[in-house]
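A closer look at the structure
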Amino acid sequence: MQTILVIEDEADIADLVAFNLRRNNFNVELSPDGLHGLAAARSLLPDLIVLDLMMPGMNGVSLFKELQRESATRKIPVIMLTGQGDISTAVTAMQQGAYDFIEKPFNHEELIELLK
């Protein structure tokens, strides 16, 4: 069973993403912000990370850059969740190695399809 780390500061969104992933037989770990998410990524070494870009404290872009710097986390695929206004940031992150991005609000089936 693949482990997916969801790093999302909005609890309702994180819970809904986790519910849909678990329903599709993924093991899911949740992290409420960038700092906790970075620590979780380092310790869990998940198969994939779903990362919100706009979070207080350490935002998704900074977290992604940190993941890219470290050899243990560099190859973990990252799907970015983006809100309105930060699509260009997500595109830039993809150019730097992110796996894909999904714009909020999104259909959860779209996320599941990316994982197949």
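Refer to the structure printed above.
What comes next concerns the included structure. (Residues numbered from 1 in each chain as written. Predicted model: local features only at pLDDT ≥ 70, side-chain atom pairs only at ≥ 80, totals over all residues. Heavy atoms only, no water.)

Things to note about the pairing of strand E1 (residues 3-7)
Worth spelling out the cut-off: Between buried and exposed lies partly exposed: a residue is buried under 20% and exposed over 50% of the maximum accessible area for its type, with that area taken using a 1.4 Å probe on protein chains only. The helix and strand labels rest on DSSP assignments: H or I over at least four residues marks a helix, E over at least two residues marks a strand, and numbering proceeds from the N terminus. At least two bridges found by DSSP between two strands is the condition for calling them paired.
Where burial is concerned, most of E1 is hidden: five out of the five residues are buried. Neither face of E1 is exposed, since Thr3, Leu5 and Ile7 on one face and Ile4 and Val6 on the opposite face are all buried. For E1 and strand E2 (residues 27-31), the ladder comprises five bridges, and the chain directions are parallel. Counterpart to Ile7 in the pairing with E2 is Ser31. Relative to strand E3 (residues 48-52), E1 is paired through four bridges, and the arrangement is parallel. Counterpart to Ile4 in the pairing with E3 is Leu48.

Overview of the environment of Gly34
Applied cut-off: We call two residues in contact when some of their heavy atoms are within 4.5 Å.
Among the secondary structure elements, Gly34 is positioned in helix H2 (residues 34-44). Note: C-alpha distance between Gly34 and Ile79 (45 residues apart in sequence) is 15 Å. Non-local contacts of Gly34, meaning those with residues more than four positions away in its chain, are made with Ile7, Met55, Met58 and Leu63.

Quick word on the packing of helix H1 (residues 11-23) against helix H5 (residues 108-115)
Selection rule: Convention adopted: a line fitted to C-alpha atoms gives each axis, helices being fitted over their contacting stretch, and angles between N-to-C directions are expressed from 0 to 180 degrees. Should an angle fall under 35 degrees it is taken as roughly parallel, and over 145 as roughly antiparallel, whereas 65 to 115 is taken as roughly perpendicular and any remaining angle as oblique. Take the far helix as the reference: if the near one is turned anticlockwise from it by less than a right angle, the crossing is left-handed, and if turned clockwise, right-handed. Three categories are distinguished: nonpolar for Ala, Val, Leu, Ile, Met, Phe, Trp, Tyr, Cys and Pro, charged for Asp, Glu, Lys and Arg, and polar for the others, with Gly belonging to the last.
Orientation of H1 relative to H5, taken along the N-to-C sense of each, is 50°, at an axis distance of 10 Å. Here H1 lies oblique to H5, going by the angle between them. You can see that H1 and H5 cross each other, and the crossing is right-handed. Counting all contacts with H1, which are made through Leu16, Val17, Asn20, Leu21 and Arg23, the residues of H5 involved are His108, Glu109, Leu111, Ile112 and Leu115. Class assignment of the residues belonging to the contact of H1 with H5 gives a composition of six nonpolar, two polar and two charged.

Some remarks on the environment of Leu44
Inspection of the secondary structure puts Leu44 in helix H2. The class for Leu44 is partly exposed, based on a relative accessible area of 38%. The spacing of Leu44 and Leu81 is 37 residues in sequence and 20 Å in space, taken between C-alpha atoms. Those residues within four positions of Leu44 in sequence are excluded, and the remaining contacts are Leu5 and Glu29.

Fair warning: the whole summary comes from geometry, so function is off the table for now.
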